[in-house]
Amino acid sequence: MCGIIGCVTEDKFVASILYKSLKRLEYRGYDSAGMATIFNGILYVKKDQGKIDEVNERLNFNNMPGNIGIAHTRWATHGAPSKINAHPHTDCGNKLAVVHNGVIENFIELKKELLDLGHKFVSKTDTEIVAHLLEENFKNGENFFSAFINTVKRLSGSYALAIIYVGEPDKILVAKQDMPLLIGVGDECMFVASDASAFIDETNKAVILQNGEVAVITAKSYEIYRVKDGAKVTRNPILLNWTLEMAEKQGFPHYTLKEIFEQPLTIKSALRLQDTYADLLTEFLDRGEKIFLLAAGTSYNACLATSYMFSKLARLTAYPVIASEFIENYGHSIDIGTVILAVSQSGETADVLNALEFARLRAATILGITNVVGSTLTRISRAYLLQNAGPEIGVAATKTFTSQLVVLAQLALRLAKKRGKIAQYEMDEFRDRLYEIPDVVSQVLEEVKKPVQELAKKYLNSKFFLFLGRGISTATAFEGRLKIMELSYIPCIAYPAGESKHGPISVVESGVPAFFICPKDETRKAIIGNIEEMKARGAKAIIIGSKDDKELMEISDDYIGLPDIHELLSPIIYILPFQLLAYYLAIERGLDPDKPRNLAKSVTVL
Ligand code: G6P
């Protein structure tokens, strides 16, 4: 998974624009970076392994000449991170350059064919075959466009491709299949990118390409064609409401911290649901015979919490399921009565889309919740809701987790009203507490920042952490574990506290830090038993509980006190100390919290 960007102007050099845009896409992958431009009939390529800034320090992208160029930030799939595997890739004659996001599934057979024809390959990537296929088509006397179309027709797999060619140096050719690709329509330059944040400071006019389409982009125009029949497609740009400011750090040292502190605002936006679509989702969920909540990573933890909300408020059983397990576990019992609510911040996670495709072919109803307008999930869902959290740049999901929970809580409330299984006053109480959440979040972030910083200092050298919660706090324990593992690289174990005696207790010995999530709810009494079991074996009990819970304070080694909250909304508040702890542990340990190693924001491979 990678980020691609291309830019063409009539007379301005594009290298510095490309570099700036590339930096914005870095969250999509950052093991290597590269750029290609064309000037006076010569193709210039610079690329290397490392983060974009490191590569730029060595190579200086900004001095590359030319008013047309493409660039790439990589997250390796085929071929280890290295200079030769970095994009752009070129043909034998060094006449064209290709950047690619995705996986070309038939590259081995294509490569064999091209090797037999005498092409020389330098990299281990799947992408390089695209350059050589094009070169082969040029040998048949084809022009750039027709060589490109005939190349794309031979590819199977997923791709967002952007290509420049010295023979026709006024255009970038692009193709899209199962990977995001947008054209940015500026006054003086045209862009193409994996994501609008790459060009949003230059233009907010975007054209979203669809699967099976290619486009020809020049400084003043774009033309879209369907690959299968060559038909021209007319599509006007849409106006995006993401400002550059929203995508910048706003004075915080890291995006992750900025995004954690942005939550009062993003939760407010998430409270503004579009009624028509929320009603539609409620209707489908209510009618469903089997209901699944499908997601990966943080979004799965939001689904887990939601299964408690749906059950308690609406008496609706919805199975939370990890996307990559869905087909094997439940796929074969899907039918027309199945409703799948897929939750995906990016709307592009391959595990999610793969499971949905399987379910769609078996007549299941697909519903979606996502943060990205125009993402694949929005296109394949019968109805979807947007989280409205704005772009999240930090790789670890923070503000998008809480905004998912807020959208899902409103769905739970609508379902409760529709199904009428709980008393009106209970619904009113839930609703009132939900609308107080933005203020509670602001207050908590300010109050816990310092004590959490202290905790990070105290526990920075821990060998591992344990996370235990009961009921809906199991989801908080899972998400707390995920955040801390992602950002601090400290191994973590999370369990429903009741299950901890069936195994995890064996790892406890003197000094092991164990986090307990203990809001004032029906599970509180039972978890006190679990805390005592762990303490008796030497664990340090770090308890997150209610501000005035004296009993818990007394049995804790460290205590973080939070305001009282509706039990079903507690994950939104109780996750905050863990988000901050993950951030400060990364800082204390000298790590980059925005770009944890080996992870990517949007994982578009299975
Ligand atoms: C990746 C990210 C996680 C994210 C997961 C699901 O693994 O690193 O932070 O939770 O994908 O992403 P989605 O966009 O589908 O919510």
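What you see is a predicted model; the values in this text were computed from it and never measured.

## Description of the overall build of the chain
- On a plain count of helices and strands, the chain comes out with 19 helices and 25 strands.
- The C-alpha atoms of the chain give 25 Å as radius of gyration, which agrees with the globular expectation for 606 residues (25 Å, within 12%).
- Expressed along its principal axes, the backbone C-alpha trace of the chain runs to roughly 80 × 50 × 45 Å.
- Split into buried and exposed, the 606 residues of the chain put 62% on the buried side.
- In the chain, of all internal contacts separated by at least 6 residues, the share reaching a separation of at least 24 is 71%.
- For the chain, the accessible area works out to roughly 22,800 Å², and carbon and sulfur atoms hold 49% of it.
- Within the chain, one finds 68 positive and 73 negative side-chain charges whose respective centroids are separated by 1 Å.

## Examining the pairing of strand S24 (residues 540–546)
- Burial analysis of S24 places six of its seven residues in the buried class, the great majority of the element.
- With helix H17 (residues 524–536) bridging strand S23 (residues 513–518) and its parallel neighbour S24, the resulting β-α-β unit is right-handed.
- Here five bridges tie S24 to strand S25 (residues 558–562), and the two strands are oriented parallel to one another. From the neighbouring strand, Gly 545 faces S25, where its bridge partner is Gly 561.

## Details of the domain arrangement of the chain
- Here the domain parsing of the chain yields domain 1 (3–248), domain 2 (252–435) and domain 3 (444–606).
- Taking only C-alpha atoms into account, the centre of domain 1 sits 43 Å from that of domain 3.
- Contacts between domain 1 and domain 3 engage 10 residues on the former and 11 residues on the latter.
- In total, about 890 Å² of surface goes out of reach between domain 1 and domain 3, with carbon and sulfur atoms giving 63% of it.
- Interface area lost by domain 1 to domain 3 is led by Tyr 27, Tyr 30 and Trp 75, which between them contribute 54%.
- Joining domain 1 to domain 3, the criterion identifies two salt bridges.

## Looking at the packing of aromatic side chains
- All chains considered together, the criterion is met by 19 aromatic pairs.
- Consider the rings of Tyr 19 and Phe 61, whose centres lie 6.2 Å apart with planes at 40°: the pair is tilted. Taken together, the positions of Tyr 19 in helix H1 (residues 15–24) and Phe 61 in the loop between helix H2 (52–59) and strand S4 (68–74) put the pair 42 residues apart, joining distant regions of the chain. The exposure classification of Tyr 19 matches that of Phe 61, with both residues buried.

## Focus: the sheet that holds strand S14 (residues 232–233)
- Pairing within the open sheet is antiparallel, and its seven strands lie in the order S5-S6-S7-S8-S12-S13-S14. For this open sheet the edge positions go to strand S5 (89–90) and S14, each flanked by a neighbour on one side alone.
- In the sheet, strand S6 (residues 96–104) pairs with strand S7 (residues 157–165) via nine bridges, with the strands oriented antiparallel. Note that in S7 the partner of Leu 96 across the bridge is Tyr 165.

## Observations concerning the site of the ligand
- Around the ligand, the surrounding shell holds 14 residues, and the nearest of these are Ser 299, Ser 344, Ser 346, Thr 349 and Ala 600.
- Separating an oxygen atom of the ligand from a backbone N or O atom of Ala 600 is a distance of 2.7 Å.
- Its free accessible area being 390 Å², the ligand has 90% of it covered by the protein chains.
- It is helix H10 (residues 297–314) that contributes the most residues to the shell around the ligand, three residues altogether.
- Looking at the shell around the ligand residue by residue, the class counts come to five nonpolar, seven polar and two charged.
- Each of domain 2 (252–435) and domain 3 (444–606) accounts for three or more of the residues forming the shell around the ligand.

## Focus: the environment of Ile 565
- Mapped onto the elements of the fold, Ile 565 is located in the loop between S25 and helix H19 (570–588).
- Owing to a relative accessible area of 12%, Ile 565 belongs among the buried residues under this scheme.
- In this structure, the C-alpha to C-alpha distance between Ile 565 and Phe 430, residues 135 residues apart in sequence, is 9.7 Å.
- Not counting the four nearest positions on each side in its chain, Ile 565 is found in contact with Arg 433, Ile 437, Ser 570, Ile 573 and Tyr 574.

Calculation rules
- Residues numbered from 1 in each chain as written.
- Predicted model: local features only at pLDDT ≥ 70, side-chain atom pairs only at ≥ 80, totals over all residues.
- Heavy atoms only, no water.
- Helix = DSSP H or I, 4+ residues; strand = E, 2+ residues; numbered from the N terminus.
- Rg over C-alpha atoms; globule rule 2.2 N^0.38 Å.
- Buried < 20%, exposed > 50% of the residue type's maximum accessible area, 1.4 Å probe, protein only.
- Contact = heavy atoms within 4.5 Å.
- Areas by Shrake-Rupley, 256 points an atom, 1.4 Å probe, with all protein chains shown as cover.
- Lys, Arg positive; Asp, Glu negative; His and termini not counted.
- Charge placed at Lys NZ, Arg CZ, Asp CG, Glu CD.
- Right-handed = clockwise from strand over helix to strand, strands pointing away.
- Pairing = 2+ DSSP bridges.
- Domains from an automatic or database assignment.
- Buried area = accessible area lost by both parts, 1.4 Å probe.
- Salt bridge = Lys/Arg side-chain N within 4 Å of Asp/Glu carboxyl O.
- Phe/Tyr/Trp six-rings, centres within 6.5 Å; stacked < 30°, edge-to-face > 60°.
- Near = heavy atom within 4 Å.
- Polar contact = N/O pair within 3.5 Å; in protein donor to acceptor, adjacent residues only side chain to side chain.
- Nonpolar A, V, L, I, M, F, W, Y, C, P; charged D, E, K, R; others polar.

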